[in-house]
Amino acid sequence: MYGLIATALAFAGISTAAPTLQTRQVGSEFRLRATGTLAGWALINAHSDAGRNVIQIQRPSVYQSDPSYFNGTYLFFDLEGAPVPYSVQMPEVPAGYVAQVTSQPGDHTPGFGLNAEQLLTWNSNAEGFWACPVNDVFELFYGPNAVPANLPSTKCLEIQLQAGGL
Ligand SMILES: *[C@@H]1O[C@H](CO)[C@@H](O)[C@H](O)[C@H]1NC(C)=O
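Residues numbered from 1 in each chain as written. Predicted model: local features only at pLDDT ≥ 70, side-chain atom pairs only at ≥ 80, totals over all residues. Heavy atoms only, no water.

The next point concerns empty space enclosed by the protein. Tallied over the full model, the rule gives one cavity of 30 Å³ or more. Its volume calculated, the largest cavity comes out at about 60 Å³. Looking at side-chain class alone, the lining of the largest cavity contains 13 nonpolar, no polar and no charged residues. (1 Å grid on protein atoms, 1.4 Å probe; cavity = no way out; pocket = protein on both sides within 12 Å on 5 of 7 lines; lining within 4 Å. Points joined across faces, edges and corners; volume = space filled by probe spheres on them. Nonpolar A, V, L, I, M, F, W, Y, C, P; charged D, E, K, R; others polar.)

What follows is the structure, given as structure tokens:
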């Protein structure tokens, strides 16, 4: 527990020192990291099936988030070796449920931004993101006002995503 708190504080220190991202140019890069119980954990693209990545949430002691950038209100990941840019695809979510967030080649879901706290927003809302374990690794899900009984695991954690420096 002490280690977890120390890690959270270390990352809080880094993010307050980071420059304001809202004023940066389109195409300039940042890294998204989880907040809350998983403060500082890294967002990593992981191949799922042809042309589709899931977004894992991994320990910051081992992993560094894939660099992100905006083009308009599309959120992209800068993936080494990818022939075309991958952007975030938000799922269709039945009310009260969550569904998996993916990234795919090309322009997918518009409506992303950062708020004054540098939290990632979708349709102006920073809430609704979840880390749920899939084969013992957290993956990114979305579902505003999800009902606990509908979550894919009792170990799902509600998180927000904060932009910080590279
Ligand atoms: C932004 O998207 C437009 C339209 O898809 C594209 O033409 C342009 O090259 C992109 N800019 C950057 C910096 O990726």
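What follows picks up the thread again.
Turning to the pattern of salt bridges, a few remarks are in order. Enumeration according to the criterion identifies one salt bridge in this entry. Between Arg52 and Asp49 there is a salt bridge, with the nearest N and O atoms lying 3.3 Å from each other. The exposure class assigned to Arg52 is partly exposed, which follows from its relative accessible area of 26%. On the basis of relative accessibility, which here comes to 35%, the residue Asp49 falls in the partly exposed class. (Salt bridge = Lys/Arg side-chain N within 4 Å of Asp/Glu carboxyl O. Buried < 20%, exposed > 50% of the residue type's maximum accessible area, 1.4 Å probe, protein only.)

Quick look at the pairing of strand β6 (residues 86-89) now. Relative to β6, strand β5 (residues 74-77) runs antiparallel, the two being bridged by two bridges. The residue bridging Phe77 from the neighbouring strand is Tyr86, located in β6. As paired strands, β6 and strand β8 (residues 102-105) are joined by three bridges and run antiparallel to one another. Counterpart to Val88 in the pairing with β8 is Ser103. (Pairing = 2+ DSSP bridges. Helix = DSSP H or I, 4+ residues; strand = E, 2+ residues; numbered from the N terminus.)

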